[in-house]
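Below, each chain spelled out in residue letters.
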Amino acid sequence: MQIEDTAISGVKILTAPRFSDRRGFFAEWFNREKLKQAGLDLDFCQDNLSLSTHVGTLRGLHFQLPPAAQAKLVGVMQGRIFDVALDLRRGSPTYRQHVAAELSAERGNQMLVPAGFAHGFCTLEPDSLIFYKVSAPFSAPHDSGINWNDPSLGIDWPVKEASAVLSEKDTRLPFLADTDLPFRYAD
């Protein structure tokens, strides 16, 4: 497994080697022991699947509050997305900064989003199927988010507000300045 660092410590891009033949390919999508050997000791407890039928579907920026904060390992089974991890850890040298990467089924790459980060994505192809592992189960009382289009974040989304396909929930999320986040940076 190839593990690449990003501009923000803890956010990683993982790409599994593919073994191809005339039938297609095989890839090892997740291997806890290999990741542990690479210094990533992850304990995922739930797998989620998300299908977005329209290009420009935007989901995010979502996170869960402690004690139900989640790390996520996000990949694309079909299609292509613009994926974003936003650092919400006060005191972090990268607080309010983000990492964005294109993930696709064709490349087989994944983004590791640590707890204390908001996560969101925008679909770049129709019928994009996103698979992600989380380190804590969904908890409605801890479910939260930041408005995807907060101008203070400087995220260059590949969709304009007028054409973004959003849930009602995502249209009502607050800007970062209007939130009181409990995440703290620990070296």
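The shown structure was predicted, so the numbers you read here are calculated from the model rather than taken from an experiment.

Quick notes on the rules
- Per chain, residue numbering runs from 1 following the sequence as it is written.
- For this predicted model, a pLDDT threshold of at least 70 governs which residues receive local features, and a threshold of 80 or more governs which side-chain atom pairs are given and counted, while totals over whole chains, interfaces and linings are taken from all residues.
- As a rule here, side-chain values come from all non-hydrogen atoms in the structure, and water together with hydrogens is ignored.
- Each helix is a run of DSSP H or I of at least 4 residues and each strand a run of E of at least 2, with the numbering of both proceeding from the N terminus.
- Just to be clear, the radius of gyration here is over C-alpha atoms, and the globule rule we use is 2.2 Å times residues to the power 0.38.
- Throughout this description, buried means an accessible area under 20% of the type-specific maximum (1.4 Å probe, protein chains only), exposed means over 50%, and partly exposed covers the range between.
- We get accessible surface area from the Shrake-Rupley algorithm with a probe of 1.4 Å; when it comes to residues, only the shown protein chains can shield them.
- Cavity: a set of points on a 1 Å grid over the protein atoms alone where a 1.4 Å probe fits but cannot get out. Pocket: an open set with protein on both sides within 12 Å along at least five of seven lines, its lining residues, like those of a cavity, having an atom within 4 Å of a point.
- Grid points are joined across faces, edges and corners, and a volume is the space filled by probe spheres set on the points.
- A pair of strands is labelled paired if DSSP reports no fewer than 2 bridges between them.
- Comment: axis = line fitted to C-alpha atoms, over the contacting stretch for helices; angle = value between 0 and 180 degrees taken between N-to-C directions.
- The term nonpolar core refers to a set of buried residues drawn from Ala, Val, Leu, Ile, Met, Phe, Trp, Tyr and Cys, joined through side-chain atoms within 4.5 Å.
- Here the nonpolar group is Ala, Val, Leu, Ile, Met, Phe, Trp, Tyr, Cys and Pro; Asp, Glu, Lys and Arg are the charged ones; every other residue, Gly included, is treated as polar.

Caption draft 1: How the structure looks around the overall build of the protein. Looking only at helices and strands, the protein features two helices and 13 strands. A compact globule built from 187 residues should have a C-alpha radius of gyration of about 16 Å, and the protein, at 16 Å, falls within 12% of that. Each principal axis of the C-alpha distribution contributes one length, and for the protein these read about 55 × 40 × 30 Å. For the protein, buried positions account for 47% of its 187 residues. When the accessible surface of the protein is summed, it comes to about 9,600 Å², and 50% of that surface belongs to carbon and sulfur atoms.

Caption draft 2: Quick peek at empty space enclosed by the protein. For the coordinates displayed, the defined rule picks out one cavity of 30 Å³ or more. Within this model, the largest cavity holds a volume of roughly 30 Å³. Lining the largest cavity are F63, Q64, A69, Q70, K72, G116 and F117.

Caption draft 3: Examining the sheet that holds strand β10 (residues 109-113) more closely. An order of β1-β2-β10-β7-β12-β5 is seen for the six strands of this open sheet, with the pairing classed as antiparallel. The open sheet has two edge strands, β1 (2-5) and β5 (46-52), and neither has a second partner. Shown here is a sheet whose adjacent strand axes are inclined to one another by a mean of 25°, direction ignored. Bridge analysis of β5 against strand β12 (residues 128-134) gives seven bridges, and the strand direction is antiparallel. Residue pairing in the sheet places L49 in a bridge with F131 of β12.

Caption draft 4: How the structure looks around the nonpolar core. Counting residues in each nonpolar core, the largest one holds 19 residues, and the members touching the most others are L61, L88 and W157. Of all the secondary structure elements, the ones that give two or more residues to this core are β6 (58-64), β8 (80-87) and β11 (117-123). Among the nonpolar cores identified, the runner-up in size contains 18 residues, and V74, V76, I81 and I130 belong to it.

Caption draft 5: Quick peek at the layout of surface pockets. The space that makes up the largest pocket amounts to roughly 390 Å³. Lining the largest pocket we find 23 residues, and of these H62, K72, Y132, D143 and K169 sit closest to its centre. Counting only elements with at least two residues in the lining of the largest pocket, the list comes to β5, β6, β11, β12 and α2 (168-171). Residue contributions to the lining of the largest pocket peak at five residues, all from β6. Of the residues in the lining of the largest pocket, the class split is eight nonpolar, 10 polar and five charged.

Caption draft 6: Molecular detail of the sheet that holds strand β13 (residues 143-145). Strand order across the open sheet formed by five strands is β9-β8-β11-β6-β13, with antiparallel pairing between neighbours. Looking along the sheet, the strands with just one partner apiece sit at the ends: β9 (98-104) and β13. On average, each strand axis in the sheet is tilted by 30° relative to the strand beside it, whichever way the strands run. Across three bridges, β6 lies against β13 in antiparallel orientation. Opposite H62, over in β13, you have G145 as the bridge partner.

Caption draft 7: Molecular detail of the pairing of strand β2 (residues 12-15). Residues K12 and L14 line one face of β2 and the alternating positions I13 and T15 line the opposite face, and both faces are buried. Two strands pair when backbone bridges link them, and β1 and β2 are joined in this way by four bridges, in the antiparallel orientation. From the neighbouring strand, Q2 faces β2, where its bridge partner is T15. By the bridge criterion, four bridges tie β2 to β10 in an arrangement that is antiparallel. Looking at the pairing, K12 lines up with L112 of β10.

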